[in-house]
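Reading the structure
Next come the chains, spelled out residue by residue.
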4 protein chains.
Amino acid sequence: MASENAIREIDLNCDAGESFGHWPMGDDAALIPLMTSVNIACGAHAGDPLVMRRTLLLAKEHHVAVGAHPGYPDLHGFGRRVIPFPADEVEAWTLAQLGALDAMARGVGVVLRHVKPHGALYNTAADDETLAAAVVRATRAFNPDLTLVTRAGSRMVTVAREEGLRVAEEAFIDRGYDSAGRLLPRSHPSALVSDPQVAAERAVALLQTGTLAAADGALLRIHPQTLCVHSDTSGAATIALAARAALNTAGIALRPLYQLAH
Amino acid sequence: MASENAIREIDLNCDAGESFGHWPMGDDAALIPLMTSVNIACGAHAGDPLVMRRTLLLAKEHHVAVGAHPGYPDLHGFGRRVIPFPADEVEAWTLAQLGALDAMARGVGVVLRHVKPHGALYNTAADDETLAAAVVRATRAFNPDLTLVTRAGSRMVTVAREEGLRVAEEAFIDRGYDSAGRLLPRSHPSALVSDPQVAAERAVALLQTGTLAAADGALLRIHPQTLCVHSDTSGAATIALAARAALNTAGIALRPLYQLAH
Amino acid sequence: MASENAIREIDLNCDAGESFGHWPMGDDAALIPLMTSVNIACGAHAGDPLVMRRTLLLAKEHHVAVGAHPGYPDLHGFGRRVIPFPADEVEAWTLAQLGALDAMARGVGVVLRHVKPHGALYNTAADDETLAAAVVRATRAFNPDLTLVTRAGSRMVTVAREEGLRVAEEAFIDRGYDSAGRLLPRSHPSALVSDPQVAAERAVALLQTGTLAAADGALLRIHPQTLCVHSDTSGAATIALAARAALNTAGIALRPLYQLAH
Amino acid sequence: MASENAIREIDLNCDAGESFGHWPMGDDAALIPLMTSVNIACGAHAGDPLVMRRTLLLAKEHHVAVGAHPGYPDLHGFGRRVIPFPADEVEAWTLAQLGALDAMARGVGVVLRHVKPHGALYNTAADDETLAAAVVRATRAFNPDLTLVTRAGSRMVTVAREEGLRVAEEAFIDRGYDSAGRLLPRSHPSALVSDPQVAAERAVALLQTGTLAAADGALLRIHPQTLCVHSDTSGAATIALAARAALNTAGIALRPLYQLAH
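Predicted, not measured: the structure shown is a model, and the values here were computed from it.

A few words now on the overall build of chain A. Counting secondary structure elements, chain A contains eight helices and 10 strands. Taken over C-alpha atoms, the radius of gyration comes to 17 Å for chain A, in line with the 18 Å a tight globule of 262 residues would show. For chain A, the C-alpha atoms occupy an extent of roughly 45 × 35 × 35 Å along the three principal directions. In chain A, which comprises 262 residues, the proportion classed as buried is 60%. Partitioning the intrachain contacts of chain A with sequence separation of at least 6 by distance along the chain shows that 72% fall at a separation of at least 24. Counting only carbon and sulfur atoms, one obtains 50% of the accessible surface of chain A, whose full area is about 9600 Å². The average position of the 22 basic charges and that of the 28 acidic charges among the side chains of chain A differ by 3 Å.

Okay, structure coming up:
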């Protein structure tokens, strides 16, 4: 049964625009219409100007809110390797990526609403206060009205709030957690939740109880404003559809981040 | 003797920020203080976020106006090769580059004033109406108050004005011209004007008479709003100093593009 | 009925190893076992060292002959754009790519047998004698025993033979031709032959008669040593299977290039 | 006074070919003639096919032995950042780079003699046995006659010898050491030995005594077969000249690695 603190509205997000040149990636056309927010790659770990534009137009067509998905500049590693950047380089590369995507968004008449770092940068900025502060500075310098999306309970939540930036805490409905609230590495047997029904029920339970079971049974207290569906999980669209249905049944409204009452 | 149409004020520009990672290029510290406007590479043919920021700070310190210098995305070719992009790709890559540099400029509190395409894009956009229109669309979509810098007399002048964009026609004081008003290829014996005094006198004569002699003796009618000193010409700073002195003696004021009465 | 000049044995080739980092491309595992030769990307237009090794191992496992597939160094354009390289740059980039793939081949105990330029380089080297000579020089300097694969009837056939290099003339069973013997651009309605049965019969007829009908009805005289199945044509494996069956029925043997009696 | 174990002949090496496209780096024309061996970048952290060829020709002209200088594929970071590659990726990228440079060497009739990893790869392969083994495997697979150059006393010395590969231990005459025998980071005040005379005497003393003083006074026992002059140290050519003179006065012969009696 839902607690008093039960969450009544939530954002559903996925990554998109991660094709590059002639190499396609992900099924944006199927996934984007099922989301309320979408994080678009900015050309550093994936994406290019034509891909950005195409993805922005898709989001616009389906009235899905749009955010930037900056990553380490490492096409070959798809932004999943930690590049040992000092803070000023993280700040500068984040800023340039926000600018590139925002320019493409202006070109199609879309407004950026949030920033969610990608891959290795998502992790280093969540865990390392210096790098978190670098992403926060870049975001605030670019547009202080943007919401920063980060792992629920991460250090970046604190750093961003101290700097006056709006934060959305994120939970993953198709990924397993360790007891420290971090995603299990993809090599772990419980890393992926691939049964759509299980993922959907997990999402509803989390929002109703404010807790999520880690792989070792530990109970994590999480209060997310957004749920992520991994666009590279096989069957992502099926998981998203199941989650939408379960959330609807549970009376939890889907709303883009920037429209949530924070 | 100066004609009635003699030009009384002019902008002096050079390219800058064309280093990349550990590879330096050009002597920005020496040249930028001698300019009224500076065109900063945006990471596609040269430059990276740290280089952009460093160059923007240098321009800010010396109160030099700043513009974007977008090019074909071709680091290895330094933007000097024609990449056979269709118009929509030229438009998208230009837009993304304007955004990247503008974001870095916001980060240091500087306002972009103009756009000058680089290298091969400078030439293709000057000569090909479809590509000129692509650069114009990108610039206008990004910020209709930006001034577009192009070769004096080029097709882009017409295209940009038709679309309501402010244009600055450019002349080169250290480069030879052919009778069609195009720069001589670097392989031509008269391609470079390397004597600073000759270049300086050439600049003054051009502004006073509205004409410039091509390599074959033909008289070109040119009415520039900005003069370019090539940052990669050896002795560029000496040429710039000589030009400043000669312009001063001739009573021609130096003023950044955005402050010129167009 | 087959003419006296009917071809009794033929090589069947496709491109492979065109993934890059996290971006997959093509179904190498399905296609490679159906070929007698495979052209492996060398890291310039596609491929990377791990992809090369994986692809080489796949070819080795299925006893398929291996060649290099060098292209213009343009990952974003997938080697399909003409980069305006002078001959010495074409030669140098081709040579470096041959070396990179050959080193990976040594690592897994495989011997390179042929070279087939990719995409835009396939076309420019076929049509432009200077660039053809550059590819020939690179190939011969690297290993004069390699066979150069080029469009049947192209200038490169002549250039390579004059320089003493073995050449394999290539025909495409799933692509339409113009009356000059060039592939129709992909935008042309007859550019692709997508019916496997039609493609297979076309292949057999070509080998039996030495002629192929262009899209406008003109009869092209072609005497190929190798047939290409485009790995990026949808249904490539089905086409390859149909071709193998039809060739078998017609009594035409499949044999890798380097084993053909030239 | 020289000990009985005094070294009577030594190789002198520097890095070269680290330009990229239009960005020059280092003064190869001045430095290469002063060396007995030169390590040429292979296109991953620096260099490109034309730069490789130009550098190989320079080495050939001056009868200087040539080796490969593979690095992490990170142009922007110039190979000085640790890219978190697993061993198989280090092996594959090393192998591909050896192949690329060797192909260019074949093109100009030069034989590769050694391999010296660059920058971050030099350090990770020296300290981490798994990565050392990866570089050793790549080198041996490519050509077991190549000599591997690594930091004197590093783990790679042991790993390579166990695998039957010839190793050259290296000392740096223009860099300070810590008491563990590692180079001081460039930020350390004693990191660079910039006085040519000091560097030269240091080299001679090292070869005569088999010991080198670390920055903290500790005595390092080092028995090098090759001395490195950093091509990016300002005044590298002056340091090299001073070292050559001092070695000559001390009766120590300069000889390329592959001609040393190991």
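Structure's up, so let's keep going.
Further remarks concern the side chain of Glu170(D). Residue and element names in this part refer to chain D. Among the secondary structure elements, Glu170 is positioned in strand β6 (residues 166-172). Of the residues examined, Glu170 reaches a relative accessible area of 0% and is grouped as buried. At a separation of 2.8 Å, a polar atom in the side chain of Glu170 contacts the side chain of Lys116. The residues contacting Glu170, other than those within four sequence positions of it, are Asn13, Lys116, Tyr122, Val149, Thr150, Arg151, Ala152, Tyr177, Pro224, Thr226 and Cys228.

Let us now look at the environment of His45(D). Structurally, His45(D) is set in the loop between β2 (37-41) and α2 (49-61). Residue His45(D) is classed as buried on the basis of its relative accessible area, which comes to 0%. Sequence separation between His45(D) and Pro73(D) is 28 residues; the distance between their C-alpha atoms is 5.2 Å. Setting aside residues up to four positions removed in sequence, His45(D) forms contacts with Trp23(B), Glu18(D), His69(D), Gly71(D), Tyr72(D), Asp74(D), Leu75(D), Phe78(D), Gly79(D) and His118(D). Only 2.9 Å separates the side chain of His45(D) from the side chain of Glu18(D), close enough to count as a polar contact. One polar contact links His45(D) to His118(D), side chain to side chain, over a distance of 3.4 Å.

Turning next to the pattern of salt bridges. Using the criterion set out here, one finds 58 salt bridges over all chains in the structure. Taking the shortest distance from any N to any O, the salt bridge between Arg106(C) and Asp102(C) comes out at 3.6 Å. Taken together, the residues span about one helical turn, with Arg106(C) and Asp102(C) both in helix α3 (residues 87-108) at a distance of four residues. With a closest N to O distance of 2.8 Å, Glu170(C) and Lys116(C) form a salt bridge. With Glu170(C) in strand β6 (residues 166-172) and Lys116(C) in the loop between β4 (112-115) and α4 (119-127), this pair connects stretches of sequence that are 54 residues apart. Residue classification places Lys116(C) among the buried residues on the basis of a relative accessible area of 3%. One salt-bridge network, in which partners are shared between bridges, spans Asp88(A), Glu91(A), Arg137(A) and Arg53(B).

One can find Thr124(C) in helix α4. Every residue in contact with Thr124(C), bar those within four places of it in the chain, is listed here: Tyr72(C), Val82(C) and Leu131(C).

With 20 residues of chain B at the interface, the matching set in chain A holds 20 residues. Taken together, both faces of the contact between chain B and chain A bury some 1800 Å²; the carbon and sulfur share is 69%. When the buried area of chain B at its contact with chain A is split by residue, Pro49(B), Leu50(B) and Arg106(B) rank highest and sum to 27% of it. Counting across the chain B and chain A interface gives five salt bridges.

Formed by 336 residues in total, the largest nonpolar core has its most connected members in Leu227(A), Leu227(B), Leu227(C) and Leu227(D). Not counting residues up to four positions away in its chain, the partners in contact with Leu227(A) are Ile10(A), Asp11(A), Leu12(A), Asn13(A), Ala171(A), Ile173(A), Ala203(A), Leu206(A), Leu207(A) and Leu247(A).

For the pair chain B and chain A, the relating rotation is 180°, the translation along its axis is 0.0 Å, and the fit reaches an RMSD of 0.0 Å. Here the two chains are linked by the operation of a two-fold rotation axis. When you check the interface residues of chain B against chain A, 100% turn up at the interface there too, and the contact is symmetric in its surfaces.

Let's shift gears to the interface of chain A and chain D. At the junction of the two partners, chain A supplies eight residues and chain D supplies eight residues. Taken over both partners, the interface formed by chain A and chain D buries close to 610 Å², and the fraction arising from carbon and sulfur atoms is 68%. The largest per-residue losses of area from chain A upon contact with chain D belong to His76(A), Arg81(A) and Pro84(A), which jointly make up 55% of the total buried on that side. For the pair chain A and chain D, the interface holds two salt bridges.

This part covers helix α4 (residues 119-127) of chain D. Residues separated by three or four positions in an α-helix point in the same direction, a consequence of the helix having 3.6 residues per turn. Burial in α4(D) covers these residues: Ala120(D), Leu121(D), Tyr122(D), Thr124(D), Ala125(D) and Ala126(D). Residues of α4(D) that are buried make contact with α3 (87-108), α5 (129-142), β5 (147-151), α6 (155-162) and β6 of chain D.

Looking now at the relation of the copies chain A and chain D. For the match of chain A to chain D, the screw axis carries a shift of 0.0 Å, the RMSD comes to 0.0 Å, and the turn is 180°. When the interface residues of chain A are mapped onto chain D, 100% of them again lie at the interface, so the same face is used by both copies.

A separate point is unusual backbone geometry. All names here are of chain C. Unlike most non-glycine residues, His63 shows phi in positive territory, near 55°. Of note, His63 is situated in the loop between α2 (49-61) and β3 (65-69). Positive phi values are uncommon outside glycine, yet Phe78 reaches one of about 55°. Its relative accessible area of 2% is what places Phe78 among the buried residues.

On to the packing of α4(D) against α5(D). Residue and element names in this part refer to chain D. Orientation of α4 relative to α5, taken along the N-to-C sense of each, is 110°, at an axis distance of 5 Å. By the angle class used here, α4 and α5 are roughly perpendicular. Within the contact between the two elements, α4 uses Leu121, Thr124, Ala125 and Asp127 and α5 uses Glu129, Leu131, Ala132 and Val135. A class-by-class count of the residues in the contact of α4 with α5 yields five nonpolar, one polar and two charged.

This part covers the confidence of the model for chain A. Overall, the predicted model of chain A reaches an average pLDDT of 95, with 98% of residues at or above 70. Complex prediction metrics read pTM 0.96 and ipTM 0.95.

Relative to the 18 Å expected for 13 residues at 1.5 Å per residue, α2(D) spans 18 Å between its end C-alpha atoms, a close match to the ideal helical length. In this fold, the buried residues of α2(D) make contact with α3 of chain C together with β1 (9-16), α1 (28-31), β2, β3 (65-69) and α3 of chain D. With a side-chain oxygen lying 3.0 Å from the backbone nitrogen of Leu50(D), the N-terminal cap of α2(D) falls on Asp48(D). His63(D) lies just past α2(D) and shows a positive phi near 55°.

Residues and elements named next belong to chain B. In this structure, strand β3 (residues 65-69) lies alongside strand β4 (residues 112-115), joined through three bridges in parallel fashion. Across the sheet, the residue bridging to Ala68 is Val115, located in β4. Tracing the backbone out of β3, into helix α3 (residues 87-108) and back to the parallel element β4 gives a crossover that is right-handed.

All names here are of chain A. Across the interface, helix α3 (residues 87-108) lies against helix α5 (residues 129-142) with an axial gap of 8 Å and an inter-helix angle of 35°. Once α3 is placed against α5, the crossing between them reads as right-handed. Contacts between α3 and α5 involve Ala87, Val90, Glu91, Thr94, Leu95, Leu98, Gly99 and Asp102 from the first element and Thr130, Leu131, Ala134, Val135, Arg137, Ala138, Thr139 and Phe142 from the second. Here the residues of the contact of α3 with α5 are counted per class, giving nine nonpolar, four polar and three charged.

What the rule picks out here adds up to zero disulfides over all chains. The cysteine Cys228(D) is free of any disulfide, with Cys14(D) supplying the nearest cysteine sulfur at 7.4 Å.

Residues and elements named next belong to chain A. Summarising burial for strand β2 (residues 37-41): five of the five residues are buried, a large majority. Neither face of β2 is exposed, since Ser37, Asn39 and Ala41 on one face and Val38 and Ile40 on the opposite face are all buried. The pairing of strand β1 (residues 9-16) with β2 spans four bridges and is classified as parallel. Among the inter-strand pairings, Asp15 is bridged to a residue of β2, identified as Asn39. Judged from the five bridges that link them, β2 and strand β3 (residues 65-69) form a sheet pairing that is parallel. Bridge pairing links Ala41 to His69 in β3.

Thresholds applied
Residues numbered from 1 in each chain as written. Chains lettered and ligands numbered in written order. Predicted model: local features only at pLDDT ≥ 70, side-chain atom pairs only at ≥ 80, totals over all residues. Heavy atoms only, no water. Helix = DSSP H or I, 4+ residues; strand = E, 2+ residues; numbered from the N terminus. Rg over C-alpha atoms; globule rule 2.2 N^0.38 Å. Buried < 20%, exposed > 50% of the residue type's maximum accessible area, 1.4 Å probe, protein only. Contact = heavy atoms within 4.5 Å. Areas by Shrake-Rupley, 256 points an atom, 1.4 Å probe, with all protein chains shown as cover. Lys, Arg positive; Asp, Glu negative; His and termini not counted. Charge placed at Lys NZ, Arg CZ, Asp CG, Glu CD. Polar contact = N/O pair within 3.5 Å; in protein donor to acceptor, adjacent residues only side chain to side chain. Salt bridge = Lys/Arg side-chain N within 4 Å of Asp/Glu carboxyl O. Buried area = accessible area lost by both parts, 1.4 Å probe. Core = buried A, V, L, I, M, F, W, Y, C linked by side-chain atoms within 4.5 Å. Least-squares fit on C-alpha atoms with pLDDT ≥ 70 in both. Axes fitted to C-alpha atoms, helices over the stretch in contact; angles between N-to-C directions. Parallel < 35°, antiparallel > 145°, perpendicular 65-115°, else oblique. Nonpolar A, V, L, I, M, F, W, Y, C, P; charged D, E, K, R; others polar. pLDDT = per-residue confidence, 0-100. Expected span 1.5 Å × (residues − 1). Pairing = 2+ DSSP bridges. Right-handed = clockwise from strand over helix to strand, strands pointing away. Left-handed = near helix turned anticlockwise from the far one by under 90°. Disulfide = S-S within 2.5 Å.

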